[in-house]
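# Reading the structure
What follows is the residue order along each chain.
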Amino acid sequence: MTTIYYIEDDENIARMVSEYLNRQGCSVSIFPTIAGAKEAFAGKLPTLALVDWNMPDGTGSAFCQWIRARWKDLPVIFITVRGDSRDIVSGFQNGADDYVVKPFELEVLYSRIQALLRRTRDVAEKYLSCGEISLDREKRQVYRNGAEVPLSPVEYQLLLTLLENKGRTVTRQSLLEKIWDSSGNFVNDNTLTVTMKRLREKLQQPSCLKTVRSVGYRMEEIDLNY
């Protein structure tokens with residue numbers, strides 16, 4: 001199912017768009033603030049984002065830049081009353097894939113969503129993220145605040161395992177068995193400690209990566225309202 005996050009503070013417009021897209025088989029979540037949208041993005045990525053330009057706690061352009069720094073190819077469509085050519089150009093320069101000016105026909109909006117998704121597919125499926133960390137499973141690349149972080153194969157596998165289990169504590173024993181023992185590389189417990197230390201250093205000590213004393217590690221969401 002196509003999941004859509006709609007960042008819009010006008011309740012009437014948000015409800016109208018949401019009801020129409022739901023009838024087309026989409027799942028729409030409405031966020032009246034950018035802060036709320038950031039929390040949702042940190043938890044789970046949508047298939048596509050619809051973003052209003054003028055929001056009570058920021059601008060859609062700044063929010064789009066925030067998205068692009070973390071998920072470079074996530075589809076974003078601006079929906080705004082700002083129809084001046086300079087605003088439209090600015091919207092695209094800030095990372096929008098399409099630009100719809102209010103008022104608009106719901107059928108036209110849905111057609112544009114369909115056209116955009118035909119080109120991009122569901123890119124959310126290839127990303128894992130937590131806090132300022134984002135991992136692209138297709139490219140096997142890791143980013144911190146949009147900047148690529150080179151990792152060794154073992155460091156990448158350790159981070160991937162923790163992100164795949166986000167919100168759950170992964171024991172040291174299970175990490176040793178999954179990352180090393182499964183390949184026939186039997187190592188002692190200190191190997192995991194050293195690898196985790198190097199991973200944390202490369203990721204600049206991310207606050208979302210928690211140690212559960214004497215048990216293991218956990219990726220845990222943090223407040224991203226910055």
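Description of the structure in this document. No experiment lies behind these values; they were computed from the predicted model shown.

With their axes 10 Å apart at the nearest point, helix H7 (residues 172-180) and helix H8 (residues 189-202) run at an angle of 85 degrees to one another. By the angle class used here, H7 and H8 are roughly perpendicular. For the pair H7 and H8, contact is made by Arg 172, Leu 175, Leu 176 and Trp 180 and by Asp 189, Thr 191, Leu 192, Thr 193 and Thr 195, respectively. Looking at the contact of H7 with H8 residue by residue, the class counts come to four nonpolar, three polar and two charged.

Let's shift gears to the sheet that holds strand S8 (residues 127-130). Reading across from one edge, S8-S9-S10-S11 is the order of the four strands in this open sheet, with antiparallel pairing throughout. Looking along the sheet, the strands with just one partner apiece sit at the ends: S8 and strand S11 (147-148). One ladder, built from two bridges, connects strand S10 (residues 141-144) with S11; its direction is antiparallel. Looking at S11, one finds that Tyr 143 is bridged to Glu 148. Contacts from helix H6 (residues 153-164) reach S8, strand S9 (133-136) and S10 within the one sheet, and its direction differs from that of S9 by about 105 degrees.

On to the sheet that holds strand S13 (residues 209-212), then. Taken together, three strands build an open sheet; the order of strands is S12-S14-S13 and the sheet is antiparallel. Across the chains shown, the open sheet's two edge strands, defined by having one partner strand only, are strand S12 (170-171) and S13. Pairing geometry for S13 and strand S14 (residues 216-219), over four bridges, is antiparallel. Bridged to Lys 210 within S14 is Arg 218. Of the strands in this sheet, S13 and S14 are in contact with H8, which crosses S13 at around 155 degrees.

Parameters and conventions
- Residues numbered from 1 in each chain as written.
- Predicted model: local features only at pLDDT ≥ 70, side-chain atom pairs only at ≥ 80, totals over all residues.
- Heavy atoms only, no water.
- Axes fitted to C-alpha atoms, helices over the stretch in contact; angles between N-to-C directions.
- Helix = DSSP H or I, 4+ residues; strand = E, 2+ residues; numbered from the N terminus.
- Parallel < 35°, antiparallel > 145°, perpendicular 65-115°, else oblique.
- Contact = heavy atoms within 4.5 Å.
- Nonpolar A, V, L, I, M, F, W, Y, C, P; charged D, E, K, R; others polar.
- Pairing = 2+ DSSP bridges.

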